[in-house]
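Notes for the structure review
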Amino acid sequence: MSLPNIRLKYGSSTDLHIKKLHGFTMVQRVATDERPFETPSSDESGLGRSDSPSDDSEPEAALVVPPDGGWGWVIVAASFMCNFLVDGIIFSGGMLLEPIQKEFNASGGQVAPVNSLLAGFYLLAGPFVSALANKYGFRVVTIIGSVISSAAFAISYFATSVEYLYLVYGIVGGLGFCMIYMPAVLTVGFYFERWRALATGLALCGSGVGTFVFAPLTETLIHGLGWRMTILIHAGFVLLCLVCGALFRPINPVRVTLADQQEEDTSRRHEEAVEKLNSMLKLHNKLDSGISMPTEMRFTNKVSPHTWMGVANNTRYPTAEEIFRGSNSHLSRRSSATASTLKNHGNKPFHFIAVPVAEKDEQEDSNSNIDNAEPLISESVKVVTRDARSRRSHIDLVARPFYRDDIFFGGSLARVPQYTSRTSLGYHLHVTHVPTQEDAQEEHSGKCRLCPEAVRRALATLLDVSLFRSPTFLILAVSGFFTMLGFFVPYMYVKQRAELNGVGKASSLMLVSAIGVANIIGRIACGLVSSTPKVSPLWLNNIALSAGGIATMISGLCYDDFYQFGYCAVFGLSIACFASLRSILVVEYIGLEQLTNCFGLFLLFQGFGALLGAPIAGALMDMTKSYEISFYVSGGFLLLSAVMCYPVDYISRWEKSRNKLASTPKV
């Protein structure tokens, strides 16, 4: 099999480096800004335009290729600190309720929403914050979120009623926290490929460490300075996220073109490739007039009935792989055990080796049922840009984070068939969807700033309700809702309940910290176990949630220190598994292409669960004058969420069989 030359280019014109390795030509330019590509404009590019085929253009794509190290470890540290501060404050927030309740002479049910609103909007705003990050970047959104949440906490110092805290501390603070949390979690996956599971796990461990530190710290501050000064100090801590957000440096994308090794065929093959692309991708005419296009290259009209945002779900736009397929080129398959990964090492050329999978490597591949070579495009062509002037193209917008299918995936890519069945480069081409010409024009002209297409397209993807037709999705979504109904109750009330039942003050104070320590251990252990292909993430999730639910229900049987700490350990392990396995479950049972859509709706379900859980527990406590019923109900919610997921494997197989049967043409 002959392998094509791969040309990788940076757009801003500086020194040009060319190197050949194993038949590959690599060209690199050093970028000078956060959106570095200056290439043929959308009016002259062969991708996504309706000009005549004779114009100079080339099939190419700008891809974010994770460096798997380098500055990525700085990103991990910054993300760790963001999770440390945000989750530490949220999970220790239950300690603020008692002094607030006493000062405003409120009931437990009245004061519970103060912290539940903070936790609820921290999740509920996820889809909308993600859409903003898609347009403006992780760095900007994190910095703005830090300022908003810090200001909300500072203003809460002047609270005159519980309702004041609902609005300022809960809602506004929760929105700010979401603007910190979402970028902090997602940017790590943007920087890592091979080490994604490890890097994400380390970053999310900040949640457990924050819980361990902030629980006793908050209690000490309350007793020494009062709840108002404690919130003010928290506001100062949150400002540190501004510094962490400034470290979320965007990755300079690489531009990929496919080239033939025979120089004498350059002109002819270039013209053929451009002609092929233009015949398939005349966006203005073919989209709006409804002319049929091949399935793999079909765009969705921007007024698709399947969306409420005026643009289509991201999955209905072609991927970069499909763009290259239109140019009659070819990429080889590689085993994750043998192929090199495309990486950016400062100013060094990018190195990428595409090789067929050997039989031995195929046996080691977790997706060994896929053919040994998966052609991306049938034959190689050489595509050369004839105009080297610095001009911005809409193709650089392909680097927008939510134009990727795997942006929410935090596990090992070895579990993803699309990764194990392709080259590293081929995988990134496969999961990256291209932008539209309208997106490019908005970026260039600066118009439509109120709700640009990058925001609308992300929202259309994150909140596409067509997924409600999937029984598998509905089960996972409703299960997540019930999980979050019981999730925050132990964090908020385990200390107060222990003190009320005779547990020593020092021991009671450390119970929430014990949940944080177990959460750290659980995330690491769950990450390692779930990376093993033979381990079912569904059963791991079910066992963990069942154990956590049962433990919560029987946690009031004994108030011995050892028993209470044992309960906190089991609960911490169970919620760590829940948090770690959600994206893996979606990829395994619904599909990678639906991951972003699923998580957008999951955030809404889980946000409403977090919003309602603590107030329900507080109301039950007011009615019964005891914490026991609240913990019974909380544990019951966790157990119910696990039981609901037991048949997911069977339902998913039935659903896939039904969809396959429905898509089979009748004779």
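Calculation notes
Residues numbered from 1 in each chain as written. Predicted model: local features only at pLDDT ≥ 70, side-chain atom pairs only at ≥ 80, totals over all residues. Heavy atoms only, no water. Helix = DSSP H or I, 4+ residues; strand = E, 2+ residues; numbered from the N terminus. Buried < 20%, exposed > 50% of the residue type's maximum accessible area, 1.4 Å probe, protein only. Core = buried A, V, L, I, M, F, W, Y, C linked by side-chain atoms within 4.5 Å. Contact = heavy atoms within 4.5 Å. Patch = residues over 30% accessible without salt bridge, like charges linked within 9 Å, V, L, I, M, F, W, Y side chains within 5 Å. Areas by Shrake-Rupley, 256 points an atom, 1.4 Å probe, with all protein chains shown as cover. Salt bridge = Lys/Arg side-chain N within 4 Å of Asp/Glu carboxyl O.

**Points about unusual backbone geometry**
We note that N105 has phi near 55 degrees; this positive angle belongs to a residue other than glycine. As for its placement among the helices and strands, N105 is situated in the loop between α2 (97–104) and α3 (108–124). Its relative accessible area of 71% is what places N105 among the exposed residues. At K625, a position not held by glycine, the phi torsion is positive, near 55 degrees. The exposed category is assigned to K625, whose relative accessible area is 71%.

**Looking at the nonpolar core**
Soluble globular proteins tend to bury their nonpolar side chains together. In this structure, I90, F153, Y169, F177, F408, F488 and Y493 are the most contacted members of the largest nonpolar core, which totals 131 residues. In terms of residue count, the dominant contributor to this core is helix α6 (residues 162–191) (15 residues). What Y493 contacts, discounting residues up to four positions off in sequence, is L97, G108, A112, A614, A617, G618, Y627 and F631. Core analysis: the second largest hydrophobic core is formed by six residues, L63, V65, V254 and L425 among them.

**So, a nonpolar patch on the surface**
A contiguous nonpolar surface patch, about 530 Å² in accessible area, is contributed by L132, Y136, V140, I144, I148, L167 and V172. At the level of secondary structure, the elements contributing two or more residues to the nonpolar patch comprise α4 (126–136), α5 (138–156) and α6. In terms of residues, the nonpolar patch owes the most to one element, α5, which gives three residues. Its place among the elements puts V172 in helix α6. Note on V172: relative accessible area 30%, which makes it partly exposed.

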